[in-house]
Amino acid sequence: MSESNENKFSPELLSFINEWKDKPGNLIMVLHKVQEEQDYISREAADQVAALLDVPLATIWGVVSFYHFFKLTKPGKHNIQICMGTACYLKGAQPLIDELAKQLAIEVNEVTDDGLFSLEAVRCVGCCGLAPVLTVGGEVFGKVTKDQIAGIIAKYK
Amino acid sequence: MAFRNYILVCGGTACESSRADQIYQNLIKECKDQGVADEVQVIKTGCFGFCEQGPIVKVLPEDSFYVKVSPKDAHEIIAEHIIKGREVTRLLYDKSESRKHAKVEDIQFYQKQFRIVLRNCGFIDPENIDEYIAREGYEALEKALFEMTGDDIIEELKTAGLRGRGGAGFPTWMKWNFTKQAENDVKYVVCNADEGDPGAYMDRSTLEGDPHSVLEAMTICGKAIGAQKGYIYIRAEYPLAINRLEIAMAQAREYGLLGKNILGSGFDFDIEIRLGAGAFVCGEETALLQSIEGHRGMPQPRPPFPAVKGLWGKPTVINNVETWANIPVIISKGGNWFSKIGTADSKGTKVFALTGKIRNSGLVEVPMGTTLREIVFDIGGGIANGRKFKAVQTGGPSGGVITDADLDTPIDFGSLVRIGSMMGSGGMIVMDEDDCIVDVAKFYLNFTVDESCGKCAPCRIGGRSLCNILEKITLGNGVPEDLEAMATIGKAMRVGSLCALGQTAPNPILSSMKFFGEEYRAHIEDKSCPSGTCKNLVTYSILADKCIGCTACARKCPVGAITGEKKQLHIIDQNTCIKCGVCLETCKFGAVVVQ
Ligand SMILES: Cc1cc2nc3c(=O)[nH]c(=O)nc-3n(C[C@H](O)[C@H](O)[C@H](O)COP(=O)(O)O)c2cc1C
Ligand code: SF4
Ligand code: SF4
Ligand code: SF4
Ligand code: FES
Ligand code: FES
């Protein structure tokens, strides 16, 4: 698949943008929708949003780069998010990151060569009672220990 | 009761992640299969607050409190409890004293709690507006629309003495009053659901468990100040809360409780959701408004305050989720009732997210004036794993540490400031003797530096310098002058930063230096980390009288730093050791020690 094809907006996305086009302060909501569909904000996507909403590309990059939630590169098929909120940090989130990095042979914010996994450190995901917590594509794992890492990775292979 | 039994299944985020939905589905299926579907209603509620013990299932009217339930337990709960009337003892909380601690009111975790904000969390199905209405929901709105003027409403809040729960504790009535008095045809009502403090999830649970309470309150505010539009600014990281809000808004519109001509009163008010995008600084009110407008979330100088010039330049009330959730109760029961709860300085209750090294981690709501000791030891059950209490941090990255000496302080906005911390939004992180205070301060500083918007130099440059000094100290390169330097930089940031993020960023350092000066000096002067956290400052060694020469550690050491013959004393070569801690974990004889 060529890059431009991959980043083509679906009819649903286009109609969402159309619906929001004239609402004030729409840019962030539109970018959320783009990322929901495409997993990240690509150059092509930013170009299209600029054209559709009639805002300068510089404004879009300004917003995308300000907010941590927006990704500039394509994440792995399974994005592993480790909570580095205070509760999880105290309960040993750092050793979990080290272990994941070791087993996947990537650093935080990188993607494995096969494109299957990426690793991300995030802020509190709101399950602090289960600290330390990690999530894989929306599925939450609580009270994670180092020994469970291999099993969690295997589940998504 | 229309049904013989009600089964409440926790549908909060923590329990959902441990397959609460499957438990819910299985219970419904078992009710059908075992022929009691007409007599039993299964309801999915919001967070019970006792997330540590989740997934939680509560059966009424017996009030049996089942913890750590798994989907396969559904059969037994129906077959034993519902059909035979025998509680499933093995699932009850605290089996050791089985009957004694079975009932909810007997569980110490709940005894000192008093629920206003969380009144419906864990009691109603948040996706069903009828259940909210059945518990007096929307009565306050009706009263506000038909029996009260805007000034009456504001007067009630004034009598109540409600102060904002988002951190600063500003009197809510004053904010509303300023906005009401501002001359403008267009005004806005905003709910701050950005909840950025990592380790805090009070607002999330409120929205997930009782979304209508916030919608109702915002509508009341609209009536009071003369606004017709509200925005809820919520973190994109909270999908379940967003979903429940959307359902609640649709149901409220359908019932004529939101939208045009609410309840036939002629008053129009509607609410829209706007998503945050992972920037902590957007919790600051002026930055939040920038973000709703679609810009980078940079704080703006105040004045003008949002009450005068807020969203799109219009007068705007902005309140925190928990502040909102108090308001329907105040309007229904009256400000007088509310003002009798709490202390002279702070009325009502406060919700805290109790996390860290605490035995019962969870969400607690207590009257203002409860002491920290009651929260940590009575409600929280003290420290987990028999370790010793070290400190508790309130106020998140803007707050400070509180030690044992101050644990008997009755909590309110004023008292927490006097003991060197602050209320903050309600995060309460408990640390034990294994936590290094310097490392924790570094963690918080890294957070604020990461989240600084970079607009002003004191915050941007000062924060970075503080981080660098802390890094140096934890690596063992600290010098005695560093303490002085950090205090000086911290003071400059307090005075010179534009917004409270920068102004309060040095707090974790300044307060921990005050209470744990010894620990900082140990890092700097003795090059040692008393809790054994800072890798560069610890040494692993083997005790001659304990080592039996089993060779396990030597085989596991990743760098081959351990040598020794079988059945002989083993020795660690300090020059090779990378301080990974594997030998400590490996040795079954307690021969490896870390200093
Ligand atoms: C850096 C920073 C982050 C903040 N984050 C939040 C937040 O996540 N939620 C919140 O309600 N208030 C937050 N506040 C406080 C808001 O600026 C504001 O005071 C609050 O929303 C007012 O509501 P209240 O009067 O009901 O407390 C933050 C303030 C600062 C300086
Ligand atoms: S104090 Fe920090 S976060 Fe606040 S405006 Fe200045 S740089 Fe931005
Ligand atoms: S594991 Fe413990 S007992 Fe065995 S050789 Fe190592 S230090 Fe000695
Ligand atoms: S701490 Fe790690 S590197 Fe050092 S001796 Fe023990 S196992 Fe080997
Ligand atoms: S700190 Fe990790 S879930 Fe809250
Ligand atoms: S999420 Fe179930 S008790 Fe908190």
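Figured I'd write up the structure that's included with this text. (Residues numbered from 1 in each chain as written. Chains lettered and ligands numbered in written order. Predicted model: local features only at pLDDT ≥ 70, side-chain atom pairs only at ≥ 80, totals over all residues. Heavy atoms only, no water.)

Points about the sheet that holds strand β2 (residues 117-122) of chain A
Residue and element names in this part refer to chain A.
- As summarised here, the arrangement of the four strands in space is β2-β1-β3-β4, forming an open sheet in which the pairing is mixed. Whereas interior strands pair on both sides, the edge strands pair on one side only; in this sheet they are β2 and β4 (139-141). Taking the axes of each pair of neighbouring strands and ignoring which way they run, one obtains an average angle of 20° across the sheet.
- For strand β3 (residues 134-136) and β4, the ladder comprises three bridges, and the chain directions are antiparallel. Its bridge partner lying in β4, Leu 134 is registered against Phe 141.
- Contacts from helix α7 (residues 93-104) reach β1 (78-83), β2 and β3, with the element oriented near 155° to β1. (Pairing = 2+ DSSP bridges. Helix = DSSP H or I, 4+ residues; strand = E, 2+ residues; numbered from the N terminus. Axes fitted to C-alpha atoms, helices over the stretch in contact; angles between N-to-C directions. Contact = heavy atoms within 4.5 Å.)

With respect to the nonpolar core
- Grouped together as the largest cluster of nonpolar side chains are 99 residues, with contacts concentrated most on Tyr 67 of chain A together with Trp 176, Met 218, Ile 232, Ile 234, Phe 269 and Trp 324 of chain B.
- Here the element with the most residues in this core is helix α10 (residues 211-225) of chain B; it accounts for eight residues.
- Apart from the residues within four sequence positions on either side, Ile 234 of chain B is in contact with Ala 193, Leu 207, Ala 241, Ile 242, Leu 245, Ile 273, Arg 274, Leu 275 and Gly 276 of chain B.
- Within the second largest apolar cluster, 81 residues are counted, among which are Leu 104, Leu 116 and Ile 153 of chain A together with Val 117 of chain B. (Core = buried A, V, L, I, M, F, W, Y, C linked by side-chain atoms within 4.5 Å. Buried < 20%, exposed > 50% of the residue type's maximum accessible area, 1.4 Å probe, protein only.)

What to know about the side chain of His 570 of chain B
Residues and elements named next belong to chain B.
- You can see His 570 is positioned in the loop between β15 (562-563) and β16 (571-572).
- On the basis of relative accessibility, which here comes to 1%, the residue His 570 falls in the buried class.
- A polar contact of 3.5 Å, which involves the side chain of His 570, links it to the backbone oxygen of Gly 564.
- With sequence-adjacent residues up to four places away left out, His 570 is seen in contact with Ile 542, Cys 547, Gly 549, Thr 551, Cys 553, Ala 554, Ile 562, Thr 563, Gly 564 and Glu 565. (Polar contact = N/O pair within 3.5 Å; in protein donor to acceptor, adjacent residues only side chain to side chain.)

Thoughts on the packing of aromatic side chains
- This structure, assessed with the given rule, holds 18 aromatic pairs over all chains.
- Consider the rings of Phe 66 of chain A and Tyr 67 of chain A, whose centres lie 4.9 Å apart with planes at 80°: the pair is edge-to-face.
- Judged by relative accessible area, which is 11%, Phe 66 of chain A ranks as buried.
- For Tyr 67 of chain A, a relative accessible area of 1% translates into the label buried.
- Geometrically, the ring pair formed by Phe 69 of chain A and Phe 70 of chain A is edge-to-face, given 6.4 Å between the ring centres and 80° between the ring planes.
- Lying across the ring of Trp 173 of chain B, Lys 158 of chain B places its NZ or CZ 4.6 Å from the centre.
- The ring centre of Phe 516 of chain B lies 5.6 Å from the NZ or CZ of Lys 390 of chain B, which sits over that ring. (Phe/Tyr/Trp six-rings, centres within 6.5 Å; stacked < 30°, edge-to-face > 60°. Lys NZ or Arg CZ within 6 Å of the ring centre and 35° of its normal.)

Here we look at the pairing of strand β9 (residues 349-356) of chain B
All names here are of chain B.
- In terms of residue burial, β9 counts as a mostly covered element, since eight of its eight residues are buried.
- Pairing geometry for β9 and strand β10 (residues 362-367), over six bridges, is antiparallel. When the bridges of β10 are listed, Leu 354 appears paired with Gly 362.
- Counting the residues in the hairpin turn of β9 and β10 gives five residues.
- Direction of pairing for β9 relative to strand β13 (residues 427-432): parallel, over a ladder of four bridges. Paired with Leu 354 across the bridge in β13 is Met 428.

Some words on empty space enclosed by the protein
Residues and elements named next belong to chain B.
- Scanning all chains against the criterion turns up five cavities of 30 Å³ or more.
- Roughly 100 Å³ of internal volume is contained in the largest cavity.
- Residue lining of the largest cavity: 13 residues in total, with Cys 557, Ala 561, Cys 577, Cys 580 and Cys 583 positioned closest to the centre.
- Residue composition of the lining of the largest cavity, grouped by class: eleven nonpolar, one polar and one charged.
- Its volume calculated, the second largest cavity comes out at about 80 Å³.
- In terms of lining, the second largest cavity is formed by 13 residues, of which the most central are Cys 547, Cys 550, Cys 553, Cys 587 and Ala 591.
- Split by residue class, the lining of the second largest cavity holds ten nonpolar, three polar and no charged. (1 Å grid on protein atoms, 1.4 Å probe; cavity = no way out; pocket = protein on both sides within 12 Å on 5 of 7 lines; lining within 4 Å. Points joined across faces, edges and corners; volume = space filled by probe spheres on them. Nonpolar A, V, L, I, M, F, W, Y, C, P; charged D, E, K, R; others polar.)

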